[in-house]
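Structural overview
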Amino acid sequence: MAEYSIYLNGVLRRNCRLGSSNRGGHSVGGGTISVIEVNDLWKRFTIPHERKNTVLHSLAVFLSLRGERRFSFEEFWALREVSFVVHHRESLGIIGPNGSGKTTLLGIVAGILMPDKGEVKTHGTLAPLLGLGIGFHPELTVKENTEVYGVLMGISRKEMKIRTESILEFAGLTKFQDTKLMHLSSGMQVRLAFSIAIERNADIFLVDEALAVGDMEFQRKCLDRFQQLKQDGKSIVFVSHSLEMIKGFCEKTLYLLGGGIRAYGPSNESINKYLEDIKEGTLIPSQIVPT
Amino acid sequence: MGDLQHYYDIVVTLSKKDFKLRYRNSVLGFLWSLLNPLAYMVILTAVFGYLLRSGISNFASWVLLALLVWRFFSVGTSQSLYAIVGNPSFITKVRLPSFLIVLSANVASLLGAALEFVALFPVLIILGVRVTFLAVLLPVIIIMEFALIFGVSLSLAALNTRYRDFNQIWEITLQLGFFLSPIVYDASLIPVRYRFLYFLNPMTRLIDAIRDIFLFGIPPFATDYAIIIGASGLLLLVGGGIFHLLERRFAEEL
């Protein structure tokens, strides 16, 4: 069992396993045990008005007498008071307009971003699929890129050697394995990335917008794959704008608005709330809190 | 233990990728990395060996040995400047200790430097370098230099993420370093009262060590090892500290 917790002061303590060594490892009996627990999560982003990201600029500002200009920035709560639980064998959908904090939330659960306050507990191995084709390079061949991305996604090199063939077959790219990636259409590239990413073995999958790729036939294949994972007892968290997909796939849905929870419950209810809000035109982007 | 295996896999894969890309337009890419030190050797030998009459015998091989050591350092550290900035998604989309990205870039440079050395070895032989049993010390020298490069690279990769013009500063620093190391002149030209300081420079020690091994047929001094290891250790500590300090803001800077 792997677990990590994040404490108030931002110090991260974790004891989390990467890799797929303990696949299907822990014995969770019923459907009531939680695999993800998120408690009162807050995340603040500071956006300086003037970015001092060069040495010269920093020096100039430091030397100038108008010191007050140095501290002008906006504070922006990307997440406010977010709590939820994902149980074993359960899938959660996360929806909301652009800038509502969906990706930030996923990043924090994945352990990539640190919250300013709150706690995340996960039980089981975690597979964050936050970006497709990370590390892809147009000058490398399909096969070479497959290895890089697979290893970055947490699949061991040994396993990649065995699985590359079936990955390329799933992507329908076996013929092109020695072709440079740049000769592939962007759709095919995403397809390849997705085929690699879902080879990752884990107990919990965090998926960001990944399903909106490929043609109809490939989307069908992907959904089948996730369905299979679900039947194998994996938990999946989906961030998506595809409400149909979420409705069909996730038992519960979290509707984020302006960094806070607007609705959280059975997918039908949350999605209806979202559709209502869209109809009434009450959606606002995340609240900017000037200081 | 599963983590360590994963980290090892990451470094192997990323450095392999990096290495391939540097020499992707394969034969030509590699040829250039050999032509560069050779061209410098010719230029420097013409200017310092003949024009300024340094009086050093076998100037060409003397300068080429130093150039190879210097190039490993300058290419290795320069490449590391972009390790983080050039791969934002490794920071924002993947959970992985970010120093591994810097380490991978360094390993790719190590492979490049080793290959250069091997490929240029015939040239060194022709120019009169003597190969004795002391050549077994070469890996030791290379590993010590690698530790030095890694320490510096950690600082550079982190600072260049925070301050995007840090590469400019480093470029100037490298120029300065080139002339603060005994590459084109002999260390005996340094005034005696500065010599103590001068010999604290680990690059001076590395260059001296490699010349001792391949030109003078003597093993490097214990003080050489001490200074190189001491400096590498210190720079690793400082680099690790800076990296650790700036690391938590990488995701927001990118």
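Residues numbered from 1 in each chain as written. Chains lettered and ligands numbered in written order. Predicted model: local features only at pLDDT ≥ 70, side-chain atom pairs only at ≥ 80, totals over all residues.

Concerning the overall build of chain B
The condition that has to hold: Helix numbering and strand numbering both begin at the N terminus, where a helix is a DSSP run of H or I of at least 4 residues and a strand a DSSP run of E of at least 2. Counting other C-beta atoms within 10 Å of each residue's C-beta, where C-beta atoms are placed from the backbone, gives the exposure class: buried for 20 or more, exposed for 12 or fewer, partly exposed between.
The helix and strand inventory of chain B stands at eleven helices and zero strands. When the helices and strands of chain B are placed in sequence order, the string is α-α-α-α-α-α-α-α-α-α-α. Its C-alpha atoms give chain B principal-axis dimensions of about 55 × 45 × 35 Å. Counting across all 254 residues of chain B, residues that qualify as buried make up 41%.

What about the overall build of chain A?
Just so we agree on the cut-off: We call two residues in contact if the C-beta atoms placed from their backbones are at most 7 Å apart.
Each helix and strand in chain A was counted, giving eight helices and twelve strands. Within chain A, the proportion of its 291 residues that are buried is 41%. Expressed as a percentage of contacts within chain A between residues at least 6 apart in sequence, the contacts between residues at least 24 apart total 75%.

As for helix H8 (residues 267–280) of chain A
Residues and elements named next belong to chain A. To keep it simple, the criterion reads: Helix span is expected to be 1.5 Å times the residue number reduced by one.
Its 14 residues place the ends of H8 20 Å apart at the C-alpha level, agreeing with the 20 Å of an ideal helix rising 1.5 Å per residue. Those residues of H8 that are buried lie in contact with strand S5 (91–95), helix H7 (243–249), strand S10 (252–257) and strand S11 (260–266). Positive backbone phi, approximately 70°, marks Gly 281, located one or two places after H8.

Brief notes about the packing of helix H3 (residues 59–85) of chain B against helix H5 (residues 99–126) of chain B
Residue and element names in this part refer to chain B. Just so we agree on the cut-off: Every axis in this analysis is a line fitted to C-alpha atoms, fitted for helices over the stretch in contact. Angles between the N-to-C directions lie between 0 and 180 degrees. Each angle receives one of four descriptions, namely roughly parallel if under 35 degrees, roughly antiparallel if over 145, roughly perpendicular if within 65 to 115, and oblique otherwise. Left-handed describes a crossing whose near helix is turned anticlockwise from the far helix through less than a right angle; right-handed describes the clockwise counterpart. Think of it as three bins: nonpolar holds Ala, Val, Leu, Ile, Met, Phe, Trp, Tyr, Cys and Pro, charged holds Asp, Glu, Lys and Arg, and polar takes everything else, Gly as well.
Packing of H3 against H5 leaves a shortest axis separation of 9 Å and a crossing angle of 160°. Considered as vectors, H3 and H5 are oriented roughly antiparallel to each other. The way H3 lies across H5 gives a crossing that is right-handed. Two secondary-structure elements touch here, H3 through Ser 61, Leu 64, Leu 68, Arg 71, Phe 72, Val 75, Gly 76, Gln 79, Ser 80, Ala 83 and Ile 84 and H5 through Ile 101, Val 102, Ala 105, Asn 106, Ser 109, Gly 112, Ala 113, Glu 116, Phe 117, Leu 120 and Leu 124. Tallied by class, residues from the contact of H3 with H5 come to 13 nonpolar, seven polar and two charged.

Details of the environment of Leu110(B)
All names here are of chain B. Checked against the element boundaries, Leu 110 lands in helix H5. Under the C-beta neighbour-count criterion, Leu 110 is labelled buried, with 20 such atoms within 10 Å. Counting along the chain gives 32 residues from Leu 110 to Ile 142, while the straight-line C-alpha distance between them is 8.3 Å.

With respect to the nonpolar core
Inclusion rule: For this entry, the nonpolar core is defined as buried Ala, Val, Leu, Ile, Met, Phe, Trp, Tyr and Cys residues connected by C-beta atoms within 7 Å.
Ranked by internal contacts, the top residues of the largest apolar core, which has 133 residues, are Val109(A), Leu206(A), Val237(A) and Val63(B). Top element by residues in this core is H3(B). It accounts for 16 residues. Among all residues touching Val109(A), those that are not within four sequence positions of it are Ile36(A), Val38(A), Val120(A), Leu206(A) and Val237(A).

Points about the environment of Val86(A)
Residues and elements named next belong to chain A. For Val 86, the position within the fold is in strand S4 (residues 73–87). Residue Val 86 is classed as buried on the basis of its C-beta count, with 24 C-beta atoms lying within 10 Å. Distance in space between the C-alpha atoms of Val 86 and Val 35 is 5.8 Å, their sequence separation being 51 residues. When sequence neighbours within four positions are dropped, the list of residues in contact with Val 86 reads Ser 34, Val 35, Ile 36, Leu 92, Ser 235 and Val 237.

So, the interface of chain B and chain A
Taken together, the contact pairs 27 residues of chain B with 30 residues of chain A. Listing elements by their share of the side of chain B that touches chain A, those giving two or more residues are helix H1 (2–22), helix H4 (88–92), helix H7 (166–179) and helix H11 (250–253) of chain B. Here the side of chain B that touches chain A gets eleven residues from one element, more than from any other, and that element is H1(B). Its residues assigned to classes, the side of chain B that touches chain A comprises nine nonpolar, six polar and twelve charged.

What to know about the confidence of the model for chain A
Residue and element names in this part refer to chain A. What counts is decided by this rule: A residue's pLDDT is simply how confident the predictor is in it, with values from 0 to 100.
On average, residues of chain A carry a pLDDT of 79, and 79% of them reach 70 or more. Note on residues 1–31: pLDDT is under 50 here. Beyond four places in sequence and across chains, it has 61 contacts. The low-confidence segment residues 285–291 (pLDDT under 50) makes 17 contacts with residues lying over four places distant or belonging to another chain.

Looking at the sheet that holds strand S9 (residues 235–239) of chain A
Across a sheet, strands are paired by hydrogen bonds formed along the backbone, either parallel or antiparallel in direction. Residue and element names in this part refer to chain A. Filter applied, for reference: A pair of strands is considered paired only if DSSP assigns at least 2 bridges between the two.
Strand order in this open sheet of six strands is S7-S8-S9-S5-S10-S11, and the pairing throughout is mixed. Single-partner strands in this sheet number two, and they are strand S7 (126–129) and S11. Taken over all neighbouring pairs, the strand axes of this sheet differ in orientation by 15° on average, direction set aside. Two strands pair when backbone bridges link them, and S10 and S11 are joined in this way by six bridges, in the antiparallel orientation. Considered in S11, the bridge of Leu 254 is made with Tyr 264. Contacting S5, S10 and S11, H8 crosses the sheet at an angle of about 140° to S11.

What about the pairing of S5(A)?
All names here are of chain A. Taking burial as the measure, the five residues of S5 include five buried ones, the bulk of the element. Of the two faces of S5, the one holding Ser 91, Gly 93 and Ile 95 and the one holding Leu 92 and Ile 94 are both buried throughout. Of the pairings in the sheet, the one linking S5 to S9 comprises four bridges and is parallel in character. Bridging from a neighbouring strand, Gly 93 pairs with Phe 238 of S9. By the bridge criterion, four bridges tie S5 to S10 in an arrangement that is parallel. Paired with Ile 94 across the bridge in S10 is Leu 254.

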